[in-house]
Amino acid sequence: MRKRIVAGNWKMNKTYEEALSLVSEIDNMVKDEVTGDITVIVAPPFPFLQSVGKLTQGNDLMHLAAQNVSEHESGAYTGEVSATMLKSVGTEYVIIGHSERRMYHHEDAQTLYKKLKATIAQGLKPIFCCGEPLEERDAENHFEYVGKQLHNSLSYLSNEEFDQVVVAYEPIWAIGTGRTASSQQAQEMHAYIREQLSKMFDAEAAFNCSILYGGSCNPGNAKELFSQPDVDGGLIGGASLKSRDFADIIKSF
Ligand code: PGA
C-alpha cells in the first residue's frame, strides 16, 4: 500500500530558536496524539536541518526534508548544497520543483530532472511538485499543463528510480492564497496524475506512488481532501508553521 504523508514546508521562515521550538512541539504532539501508519515530514531551511533532525530522532513517525538541492555532486558552485551533504546530516526527503523555485529561480524541467537524479543517486526521496497557474485553469488547460510538467522531468527516470518519488500537486492559485482546490478538483487531478504516471512507469509503481495535495490546506479542509481515493496526504505551507494546526492536519487521516 502507498504511504500516507503529511509534509510541512517551512519555506524561508523562523529563526534557529523558533525552529527548534516548533519542531519540539510537533514532535510531542505526534508522540502523544498520532497513531497509525503516517509519515510526518518537516522541511526546515538548510541551516536548521541537522538540529531539527536530531530533535526528532527518537520518533519513528517523523522524517526530515530539505526544500531544495543542487543538481551537481560537488565543486565550485557557491551557495549550493548537494544531496551528499543533505544525506550526511540526516535528511531523507527533498522537495524538488516547488512553484516558487520554478518561478523565482527559473528552474526548468531539465534542471529538475537533474535534481531528481542527484537526489535519488544518494538514496534520498524526492517530493516532486507540479501544479498550474490560474490562467491555465481558467483556460481549462490544467490537465495538459500538469501532464507536461510530469512528462518533462519524470519520464526519463527508470522504474526503480521512480519508486523513490513522491508527487505533490500544488495548484499555484491555491498556494498561500487561502483558496483551496475543492476535494473534487484535487481528486480529479490526482487521478489524472496517477494515470499519466502509469503511462510512464509500470502500473504497480504508479499505484504505489504517494500523491500529496498542497495549497491552503488547513485543519478545516484536510479531512475532506485526504478522504479522496487518490489524495495520499498533504504538502503544507502556512499551516505547518503552527504546531497545533499541523498536528490537527496530521490527525485528519
Ligand atoms: P500553503 O503552501 O499551504 O501556504 O498554501 C503550500 C506550499 O507551497 O507547499
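As shown above, the structure is provided for reference.
A quick note: this is a predicted structure, and the numbers were derived from the prediction, not measured. (Residues numbered from 1 in each chain as written. Predicted model: local features only at pLDDT ≥ 70, side-chain atom pairs only at ≥ 80, totals over all residues. Heavy atoms only, no water.)

A. Examining the sheet that holds strand E2 (residues 38-43) more closely. Pairing is parallel around the closed barrel formed by eight strands, whose spatial order is E1-E2-E3-E4-E5-E6-E7-E8. Taking each pair of neighbouring strands and ignoring which way they run, the sheet shows an average axis angle of 25°. In the packing of helix H5 (residues 109-121) onto the sheet, contacts are made with strand E4 (93-96) and strand E5 (125-130), and the angle to E5 comes to roughly 160°. Across the sheet, helix H7 (residues 142-154) is in contact with E5 and strand E6 (166-169); its angle to E5 comes to roughly 145°. (Pairing = 2+ DSSP bridges. Helix = DSSP H or I, 4+ residues; strand = E, 2+ residues; numbered from the N terminus. Axes fitted to C-alpha atoms, helices over the stretch in contact; angles between N-to-C directions. Contact = heavy atoms within 4.5 Å.)

B. Local environment of the environment of Thr84. Structurally, Thr84 can be placed in helix H3 (residues 83-88). For Thr84, a relative accessible area of 39% puts it in the partly exposed group. Aside from chain neighbours lying at most four places away, what touches Thr84 is Glu73 and Gln122. (Buried < 20%, exposed > 50% of the residue type's maximum accessible area, 1.4 Å probe, protein only.)

C. Structural detail: the packing of aromatic side chains. For the structure on display, the rule yields six aromatic pairs. On the numbers, 4.0 Å between centres and 0° between planes, the contact of Phe162 with Phe201 is stacked. With Phe162 in helix H8 (residues 159-162) and Phe201 in the loop between helix H9 (183-200) and helix H10 (203-208), this residue pair connects regions lying 39 residues apart in the sequence. Phe162 sits in the buried class, given a relative accessible area of 1%. Consider the rings of Phe226 and Phe253, whose centres lie 4.6 Å apart with planes at 25°: the pair is stacked. Linking Phe226 in helix H11 (residues 222-226) with Phe253 in the segment after helix H12 (243-250), this pair joins segments that are 27 residues apart in sequence. For Phe226, a relative accessible area of 7% puts it in the buried group. (Phe/Tyr/Trp six-rings, centres within 6.5 Å; stacked < 30°, edge-to-face > 60°.)

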